[in-house]
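# A closer look at the structure
Chain by chain, the residues run as shown.
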Amino acid sequence: MAALLACSAAAPALAHDVYVSNEKDNTISVIDSETLTVVRTFPVGKRPRGVLLARDQKHLLVCASDDDAVQVYAVDTETLVHDLPSGADPEQFALAPDGKHLFIANEDNAVTTVVDVDTRQVVRQIDVGVEPEGMAVSPDGRLAVTTSETTNMAHIIDAKTFAVVDNVLVDQRPRHAAFTADSKKLWVSSEIGGTLSIIDLVTMKVERKITFDIPGVSRENIQPVGFAFAKNGAVAFVALGPANRVAVVDTSTYAVTKYLLVGQRVWHVAVTPEEDLLFTTNGVSNDVTVIDVNALRPVKSIKVGRYPWGVAVRSQGRALTADAR
């Protein structure tokens, strides 16, 4: 694993803007990945949660859950450009690979809303399970998935016809989902179940479950939520909620190789494009932990707003100064 992680170190490092949504403050904190400080904070809608960058990297999309809207901000000016219709209580969302359709999980009304980003029109609302939250689209653009917290299912959706093609039962309270780079597997975290389910997308069956065991931490506090893959697919970094840890998982063996101590109630994680840094949002300690990916160790805690939840890295950066880090 060390050799695989070291591959990412060969690429020249860039400085990036890291966007963190603060649920209680209705703001976005912007962290500079070179100085590892908050350089700006700007206001957004009520209870911001999911955040992502548009394909052009010029716009930031924010789930303003209590405003029932997806807001689009220009990253250069950090001003609101327009709202997209989102359905009730948008929590997480995902863009199709071509950037045309945005898939939105609507927690309050048990649907997935599909929006045409260019026309700003709802093209479909898809019935799914109760309390949908996790949302992802496969890299090949063929499938989407919504996880439902109360129904305990991953609802597999044809991303072209918008039909639900299968419903896969997972453990209690699924929160986050992501496809592997080859679009053959789907990973789903179950917060209360304490597991990660690996779903084979040919058989539509759970083929493996990953469990976690941290000495001195009760199983009730080990609650997997957000996670991210390294781009080479070698590892997954899994936020474990009130366990205050991020698990490092070898994706070839599904073994947990390390636990990294972070802030309190870690929600989500994001990796820089060069895979040199990992950022975690810690909802109770109101900070972001920065992890050196190659050394697999935390290097800094950065104070942000109240209840940080979502995190996204703008992949267009500037070259680091010669003496940076």
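Residues numbered from 1 in each chain as written. Predicted model: local features only at pLDDT ≥ 70, side-chain atom pairs only at ≥ 80, totals over all residues. Heavy atoms only, no water.

## Description of the overall build of the protein
When helices and strands are counted, the protein shows 1 helix and 30 strands. Its C-alpha radius of gyration of 18 Å places the protein within 12% of the 20 Å reference for a compact globule of 325 residues. With the C-alpha coordinates of the protein rotated into their principal frame, the extents come out at 50 × 45 × 35 Å. Considering the protein as a whole, with its 325 residues, one finds that 58% of them fall into the buried category. Pairs at least 24 residues apart make up 42% of the contacts formed inside the protein by residues separated by at least 6 positions. About 12800 Å² of surface is accessible on the protein, with carbon and sulfur atoms providing 50% of the total. Across the protein, the 31 positively charged side chains and the 40 negatively charged ones have centroids separated by 2 Å. (Helix = DSSP H or I, 4+ residues; strand = E, 2+ residues; numbered from the N terminus. Rg over C-alpha atoms; globule rule 2.2 N^0.38 Å. Buried < 20%, exposed > 50% of the residue type's maximum accessible area, 1.4 Å probe, protein only. Contact = heavy atoms within 4.5 Å. Areas by Shrake-Rupley, 256 points an atom, 1.4 Å probe, with all protein chains shown as cover. Lys, Arg positive; Asp, Glu negative; His and termini not counted. Charge placed at Lys NZ, Arg CZ, Asp CG, Glu CD.)

## Let's talk about the pattern of salt bridges
A full pass over the atoms with the stated rule returns 20 salt bridges. Across the salt bridge formed by Arg175 and Glu133, the nearest N and O atoms sit 2.9 Å from each other. Taken together, the residues span a long stretch of sequence, with Arg175 in strand β17 (residues 174-179) and Glu133 in strand β13 (residues 132-137) at a distance of 42 residues. Accessibility classification places Arg175 together with Glu133 in one group, the buried group. In this structure, Glu191 engages Arg265 in a salt bridge whose closest nitrogen and oxygen atoms are separated by 2.5 Å. Of this pair, Glu191 sits in the loop between β18 (185-190) and β19 (195-200) while Arg265 sits in the loop between β24 (255-261) and β25 (266-271), and the two are 74 residues apart along the sequence. Since its relative accessible area comes to 2%, Glu191 is described here as buried. Taking relative accessible area as the criterion, Arg265 reaches 14% and is therefore assigned buried. (Salt bridge = Lys/Arg side-chain N within 4 Å of Asp/Glu carboxyl O.)

## Observations concerning the environment of Lys100
For Lys100, the location among the structural elements is in the loop between β9 (90-95) and β10 (101-106). Since its relative accessible area comes to 35%, Lys100 is described here as partly exposed. Expressed as a C-alpha distance, the spacing of Lys100 and Val115, which sit 15 residues apart in the sequence, is 8.3 Å. Here Asp116 takes part through its side chain, which lies 2.7 Å from a polar atom of the side chain of Lys100. (Polar contact = N/O pair within 3.5 Å; in protein donor to acceptor, adjacent residues only side chain to side chain.)

## Description of the confidence of the model for the protein
Any segment with low pLDDT has predicted coordinates that should not be analysed in fine detail. Residue-level pLDDT values for the protein average 93, and 93% of them are 70 or greater. With pLDDT under 50 throughout, residues 6-11 is counted as low confidence; its partners more than four residues away or in other chains account for 5 contacts. For the stretch residues 319-325, pLDDT sits under 50, and the model shows 14 contacts to residues farther than four places along the chain or on other chains. (pLDDT = per-residue confidence, 0-100.)

## Some thoughts on unusual backbone geometry
Glycine aside, a negative phi is what most residues show, and trans is what most peptide bonds show. Even without a glycine there, the phi angle at Arg120 is positive, about 60°. We note that Ser183 has phi near 65°; this positive angle belongs to a residue other than glycine. Relative to the helices and strands, Ser183 resides in the loop between β17 and β18.

## A short note on the nonpolar core
Counting 20 residues, the largest nonpolar core has Val235, Phe237, Val246, Val248, Val269 and Leu278 as its most contacted members. Taken together, the elements giving at least two residues each to this core come down to β22 (235-239), β23 (245-250) and β25. Here the element with the most residues in this core is β25; it accounts for 4 residues. If you look at the next biggest cluster of nonpolar residues, it comprises 17 residues, including Ala178, Leu196, Ile198 and Phe227. (Core = buried A, V, L, I, M, F, W, Y, C linked by side-chain atoms within 4.5 Å.)

## Things to note about the packing of aromatic side chains
Using the criterion set out here, one finds 7 aromatic pairs in the structure. Aromatic ring contacts, followed pair by pair, group Trp187, Phe227, Phe229 and Tyr254 into a single cluster. Over the ring of Trp267 we find Arg265; its NZ or CZ atom is 4.1 Å from the centre of that ring. (Phe/Tyr/Trp six-rings, centres within 6.5 Å; stacked < 30°, edge-to-face > 60°. Lys NZ or Arg CZ within 6 Å of the ring centre and 35° of its normal.)

## Overview of the environment of Pro224
With respect to the helices and strands, Pro224 occurs in the loop between β20 (205-211) and β21 (227-229). As for Pro224 and Glu191, which are separated by 33 residues in sequence, their C-alpha atoms are 4.9 Å apart. Setting aside its immediate chain neighbours within four residues, Pro224 contacts Ser189, Ser190, Glu191, Gly194, Thr195, Phe212, Val238, Ala239 and Leu240.

## Examining the pairing of strand β8 (residues 79-85)
Pairing geometry for strand β7 (residues 69-74) and β8, over 6 bridges, is antiparallel. Pairing of Val72 across the sheet is with His82, part of β8. Adjacent in sequence and paired antiparallel, β7 and β8 are bridged by 4 residues, among which Glu78 carries a positive phi angle near 55°. (Pairing = 2+ DSSP bridges.)

## What about the layout of surface pockets?
Taken as a whole, the largest pocket encloses approximately 1600 Å³ of empty space. Around the largest pocket, the lining comprises 49 residues; the ones closest to its centre are His176, Ala178, Phe227, Ala228 and Phe229. Mapped by element, the contributors of at least two residues to the lining of the largest pocket are β5 (48-53), β9, β13, β17, β18, β21, β25 and β29 (308-313). Residue classes in the lining of the largest pocket are distributed as 30 nonpolar, 13 polar and 6 charged. (1 Å grid on protein atoms, 1.4 Å probe; cavity = no way out; pocket = protein on both sides within 12 Å on 5 of 7 lines; lining within 4 Å. Points joined across faces, edges and corners; volume = space filled by probe spheres on them. Nonpolar A, V, L, I, M, F, W, Y, C, P; charged D, E, K, R; others polar.)

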